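# Examination of the molecular architecture
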Amino acid sequence: ALLHAFLDARARVLHAAERHLGRRHRGHVDPQHAHLDAAREHHEMARSIRLELGERTNAASSALALARIALANGQPRLTETLAGEAERQLGPEQRDQRALAMALRIRALATEGSHSAALRLEQPLQDLAREAQNPRTAIAAAIATAELAMALADEGRCRSALTRLEDLAVASRRDGRLPEAL
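Below, the structure is looked at part by part. (Residues numbered from 1 in each chain as written. Predicted model: local features only at pLDDT ≥ 70, side-chain atom pairs only at ≥ 80, totals over all residues. Heavy atoms only, no water.)

## Quick word on the overall build of the protein chain
Regarding its fold elements, the protein chain presents 8 helices and 0 strands. Helices (α) and strands (β) of the protein chain occur, in sequence order from the N terminus, as α-α-α-α-α-α-α-α. Relative to its full complement of 182 residues, the protein chain shows a buried share of 50%. In the protein chain, of all internal contacts separated by at least 6 residues, the share reaching a separation of at least 24 is 59%. (Helix = DSSP H or I, 4+ residues; strand = E, 2+ residues; numbered from the N terminus. Buried < 20%, exposed > 50% of the residue type's maximum accessible area, 1.4 Å probe, protein only. Contact = heavy atoms within 4.5 Å.)

As structure tokens, this is what we get:
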């Protein structure tokens, strides 16, 4: 019963947060309202051009967008590959983007059943998320942690992840980053 309640609450927060963030942040794609194939083609072209120009950070942004699209399309291996590529291209000063890449990798690995690999990334993700400048980084880290907890079917982790997501939702509503209706 607790796991079912967690899944319902997590789904509401996750989808609402991603839908809201998707409207406000470049590179984020809401699979229910976007043309994923067109978005994928756009970001593939942008990534290719950016790599040719030697713009590693911008190419990493395109790889992150492609990873989100792959995750939305149910392609966890491609998600992990693209997010890993983005993470390697980013410098140490780009903590937020590295955390977003790591969060996508954890979500992909949890989906694939590669739990030990996902667990190895969990603490480094939390460390990056604590230092992040952008509030969406904390939400992305919490979502990744929640999905990993669900994949592990660990009730204690699920409770902790649900509490963290709820705390972030309350803080984001209070700060005006999420609509009150969530």
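Following the structure, the description resumes.
## Here's the deal with helix α7 (residues 135–152)
Taking 1.5 Å per residue, 18 residues should reach 26 Å; α7 reaches 26 Å between its end C-alpha atoms and fits that length. Of all 18 residues in α7, 14 are buried, a share of seventy percent or more. Capping of α7 at its N-terminal end is provided by asparagine 134; its side-chain oxygen lies 3.0 Å from the backbone amide nitrogen of arginine 136. Alanine 153 sits one or two residues past α7 and shows a positive phi near 55°. (Expected span 1.5 Å × (residues − 1). Polar contact = N/O pair within 3.5 Å; in protein donor to acceptor, adjacent residues only side chain to side chain.)

## Notes on the side chain of arginine 107
Along the chain, arginine 107 turns up in helix α5 (residues 95–112). On the accessibility criterion, arginine 107 (10% relative accessible area) is buried. Reaching out from arginine 107, the side chain makes a polar contact with the side chain of glutamate 147 at a distance of 3.1 Å.

## A few points about a nonpolar patch on the surface
Nonpolar side chains collect at one region of the surface, where Met45, Ile49 and Leu53 lie side by side and expose about 330 Å² of accessible area between them. Considering the arrangement of structural elements, one finds leucine 53 in the loop between α2 (36–52) and α3 (56–72). Classification of leucine 53 by relative accessible area gives exposed; the value is 59%. (Patch = residues over 30% accessible without salt bridge, like charges linked within 9 Å, V, L, I, M, F, W, Y side chains within 5 Å. Areas by Shrake-Rupley, 256 points an atom, 1.4 Å probe, with all protein chains shown as cover. Salt bridge = Lys/Arg side-chain N within 4 Å of Asp/Glu carboxyl O.)

## Things to note about the nonpolar core
One finds Ile106 and Leu125 to be the most contacted residues of the largest nonpolar core, which totals 17 residues. Here this core takes 7 residues from α5, the largest share from any one element. Setting aside residues no more than four positions away along its own chain, leucine 125 makes contact with Ala99, Met102, Ala103, Ile106, Ala141 and Ala144. Leu71, Ala83, Ala86 and Leu104 belong to the second largest nonpolar core, which has 12 residues in total. (Core = buried A, V, L, I, M, F, W, Y, C linked by side-chain atoms within 4.5 Å.)

## Topic: the packing of α3 against α5
The contact between α3 and α5 brings their axes to 10 Å, and the two run at 25°. As the angle between them shows, α3 and α5 are arranged roughly parallel. For the crossing formed where α3 meets α5, the hand is left-handed. Taking contact as the criterion, the partners of Thr57, Ser61, Leu64, Ala67, Arg68 and Leu71 in α3 are, on α5, Gln97, Leu100, Ala101, Leu104, Arg107 and Ala108. Looking at the contact of α3 with α5 residue by residue, the class counts come to 7 nonpolar, 3 polar and 2 charged. (Axes fitted to C-alpha atoms, helices over the stretch in contact; angles between N-to-C directions. Parallel < 35°, antiparallel > 145°, perpendicular 65-115°, else oblique. Left-handed = near helix turned anticlockwise from the far one by under 90°. Nonpolar A, V, L, I, M, F, W, Y, C, P; charged D, E, K, R; others polar.)

## Some details on the environment of arginine 164
Note on placement: arginine 164 falls in helix α8 (residues 155–174). Between the C-alpha atoms of arginine 164 and alanine 142, which are 22 residues apart in sequence, the distance is 6.6 Å. Once residues lying within four places of it in the same chain are set aside, the contact partners of arginine 164 are Ala138 and Ala142.

## Some remarks on the pattern of salt bridges
Taken as a whole, this structure holds 10 salt bridges when the rule is applied. Across the pair glutamate 147 and arginine 107 runs a salt bridge whose closest N-O atoms are separated by 3.1 Å. Residue glutamate 147 is found in helix α7, and its partner arginine 107 is found in helix α5; the two are separated by 40 residues along the sequence. No difference in accessibility class separates glutamate 147 from arginine 107, as the two residues are buried.

## Description of the side chain of glutamine 97
Here glutamine 97 shows up in helix α5. When neighbours within four sequence positions are excluded, glutamine 97 is seen to be in contact with Thr57, Ser61, Leu64 and Leu90.

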